[in-house]
Amino acid sequence: YGQESKEMKELWETIKYYDSVDLIKVITILDKYGWLGPDVVGNNGNQTLFLVIQHSDIEIQDKYLPMMREAVKNKKAQASSLALLEDRVALRHGKKQIFGSQISCDKDGCWVSPLEDPDNVDKRRAEVGLGLLADYVKNWNIKWDVVEYKKLLPEIEKKDKK
């Protein structure tokens, strides 16, 4: 139907509704019990805690990021998931991401959002259990070329501030 169609707008309204319900449930759990590991809620439940926080507003992300950091230290959450949340929060605060997990798109295509030290991104990704950036960005038909990326970074930073 297309991004601007009535059908897509209705779908996004439905998604927003269910996201808000899920957020209330997750916040209630986190505030009462802390970050529950897979041993308590299973892998899917643990991943759900992360995904709901990952897709919430910045105030919620800021509030629960320290809790998730602690959960990773205590083996109650995955370091790879924390890396995605760290990247998203950094970008929302006007900083560069560390792990290259966040992608921006416009009508002309997609790109890796501003990234700190692109030369060593794959080393950092490996440390948290993420695969190579070149493989990850194929999902958006992006070809990862670190030399080209560094040349384009000032332009990317301008586009991402819009």
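Scroll up for the structure.
Described below are features of the structure shown in this document. For clarity, every value in this text was computed on a predicted model and none was experimentally measured. (Residues numbered from 1 in each chain as written. Predicted model: local features only at pLDDT ≥ 70, side-chain atom pairs only at ≥ 80, totals over all residues. Heavy atoms only, no water.)

Here's the deal with the side chain of Ser-56
Position of Ser-56 among the secondary structure elements: in the loop between α2 (38-54) and α3 (58-73). Taking the relative accessible area as the measure of exposure, Ser-56 reaches 8% and is therefore buried. Polar side-chain contacts of Ser-56 include one of 2.6 Å to the backbone oxygen of Ile-53. The residues contacting Ser-56, other than those within four sequence positions of it, are Leu-23, Gln-61 and Arg-92. (Helix = DSSP H or I, 4+ residues; strand = E, 2+ residues; numbered from the N terminus. Buried < 20%, exposed > 50% of the residue type's maximum accessible area, 1.4 Å probe, protein only. Polar contact = N/O pair within 3.5 Å; in protein donor to acceptor, adjacent residues only side chain to side chain. Contact = heavy atoms within 4.5 Å.)

Things to note about the packing of aromatic side chains
Summed over all chains, the structure comprises 3 aromatic pairs. Judged by centre distance (5.0 Å) and plane angle (65°), the ring pair of Tyr-136 and Trp-140 falls under edge-to-face. Seen in terms of ring centroids, Trp-144 and Tyr-149 are 4.9 Å apart; in terms of plane orientation they differ by 45°. Their pairing is tilted. Each of the two residues, Trp-144 as well as Tyr-149, counts as buried. Here Arg-125 stacks its cationic end above the ring of Tyr-136, 4.9 Å away from the centre of that ring. For the cation-ring pair, Lys-159 lies above Trp-111, with the distance from its terminal atom to the ring centre recorded as 3.9 Å. (Phe/Tyr/Trp six-rings, centres within 6.5 Å; stacked < 30°, edge-to-face > 60°. Lys NZ or Arg CZ within 6 Å of the ring centre and 35° of its normal.)

Observations regarding the nonpolar core
Among the nonpolar cores identified, the biggest contains 21 residues, and Leu-30, Trp-35, Ile-53, Met-68 and Leu-85 are the most heavily contacted of them. Elements with a minimum of two residues in this core: α1 (6-33), α2, α3 and α4 (79-92). Listed in part, the 12 residues of the second largest apolar core include Val-112, Leu-115, Ile-142 and Leu-153. (Core = buried A, V, L, I, M, F, W, Y, C linked by side-chain atoms within 4.5 Å.)

Here we look at the pairing of strand β2 (residues 109-112)
Examined bridge by bridge, strand β1 (residues 103-106) and β2 share 4 bridges and lie antiparallel to one another. Each residue of the ladder has a partner; that of Ile-103, found in β2, is Val-112. (Pairing = 2+ DSSP bridges.)

What about α4?
The terminal C-alpha atoms of α4 lie 20 Å apart, and with 14 residues this matches the ideal 20 Å at 1.5 Å per residue to within 8%. Burial in α4 covers these residues: Ser-80, Ser-81, Leu-82, Ala-83, Leu-85, Asp-87, Val-89 and Ala-90. On its buried face, α4 is in contact with α2 and α3. Just downstream of α4, Gly-94 is the residue with a positive phi angle, here 80°. (Expected span 1.5 Å × (residues − 1).)

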